[in-house]
Amino acid sequence: SEAAARPAPAPAPAPRAAPPAAAGYVPVAMPAKPLRPATTDDDQVYPEPGDTVEHFAFGRCEVLKSDGDRLHVRAKDGRIKEIALEMLKVTTLPTPEGQTKNHYKLDRKL
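The model shown is predicted, which means the values in this text are computed figures rather than measured ones.

Q: Explain the overall build of the chain to me, please; I cannot follow it from the model alone.
A: Of regular secondary structure, the chain possesses one helix and six strands. Across the chain, helices and strands are ordered from the amino to the carboxyl terminus as α-β-β-β-β-β-β. For the chain, the exposed area adds up to about 9400 Å²; of that, 56% sits on carbon and sulfur atoms.

The following block contains the structure:
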């Protein structure tokens, strides 16, 4: 009696058939995604504490802390900002006269 009270299971959907091929159409695999050029850590420069950086948004800042991945800088207004170096292109600038520390420019990576 319990078997009669249960509803019958729904039939499984039929598998989809492949679409009919048009005359002369041959399916082609998607091309591989282009790879970005590999960069090595040898050509990367990292600002050190005490260095000066020119940030594209914050202007001239003093580096307070550097761990290779992130910088903590003091902006002109006195605020401390944390910046991820993986998002920036770091280039060396000539050191201004009278300074002994290095000077860098921080731009967006494209």
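Q: What should I look at first to understand the pattern of salt bridges in this one?
A: Pairs can form between side chains of opposite charge once their charged atoms are near each other. Per the stated rule, a full pass over the model turns up five salt bridges. Here Arg74 makes a salt bridge to Glu62, at a shortest N to O gap of 3.9 Å. Here Arg74 is found in strand β3 (residues 70-74), whereas its partner Glu62 is found in strand β2 (residues 59-66), with twelve residues between them in sequence. In this structure, Asp107 engages Lys105 in a salt bridge whose closest nitrogen and oxygen atoms are separated by 4.0 Å. The exposure class of Asp107 is partly exposed, given its relative accessible area of 22%. For Lys105, a relative accessible area of 35% translates into the label partly exposed.

Q: Teacher, can you tell me more about the nonpolar core here?
A: Considering soluble globular proteins, one finds that nonpolar side chains tend to be buried as a cluster. Formed by Val53, Cys61, Val63, Leu71, Val73, Ala75, Ile83, Leu85, Leu88, Val90, Tyr104 and Leu106, the largest nonpolar core amounts to twelve residues. For this core, the secondary-structure elements that each account for two or more residues are β2, β3, β5 (88-93) and β6 (103-108).

Q: Just to check I follow, could you spell out the sheet that holds β5 for this structure?
A: Through backbone hydrogen bonds, the strands of a sheet pair up, either in parallel or in antiparallel fashion. Read from one edge to the other, the open sheet built from six strands follows the order β4-β3-β2-β1-β6-β5, with strand pairing classed as mixed. The strands lining the two open edges of the sheet, one partner per strand, are β4 (80-84) and β5. On average, each strand axis in the sheet is inclined to that of its neighbour by 35°, with strand direction left out of account.

Q: What's the story with the pairing of β2 in this structure? I'm lost.
A: Each regular strand carries side chains that alternate between the two faces of the sheet. The sheet contact formed by strand β1 (residues 52-55) and β2 spans four bridges and is antiparallel. Within β2, the position partnered with Thr52 by the bridge is Glu62. A loop of three residues connects β1 with β2, the two strands running antiparallel in sequence. Pairing of β2 with β3 involves four bridges; the strand directions are antiparallel. Bridge assignment links Val63 to a residue of β3, and that residue is Val73. The turn joining β2 and β3, which pair antiparallel and follow one another in sequence, is formed by three residues; a positive phi near 95° is taken by Gly68.

Cut-off values and rules
Residues numbered from 1 in each chain as written. Predicted model: local features only at pLDDT ≥ 70, side-chain atom pairs only at ≥ 80, totals over all residues. Heavy atoms only, no water. Helix = DSSP H or I, 4+ residues; strand = E, 2+ residues; numbered from the N terminus. Areas by Shrake-Rupley, 256 points an atom, 1.4 Å probe, with all protein chains shown as cover. Salt bridge = Lys/Arg side-chain N within 4 Å of Asp/Glu carboxyl O. Buried < 20%, exposed > 50% of the residue type's maximum accessible area, 1.4 Å probe, protein only. Core = buried A, V, L, I, M, F, W, Y, C linked by side-chain atoms within 4.5 Å. Pairing = 2+ DSSP bridges. Axes fitted to C-alpha atoms, helices over the stretch in contact; angles between N-to-C directions.

The values reported here are purely geometric and, on their own, carry no functional implication.
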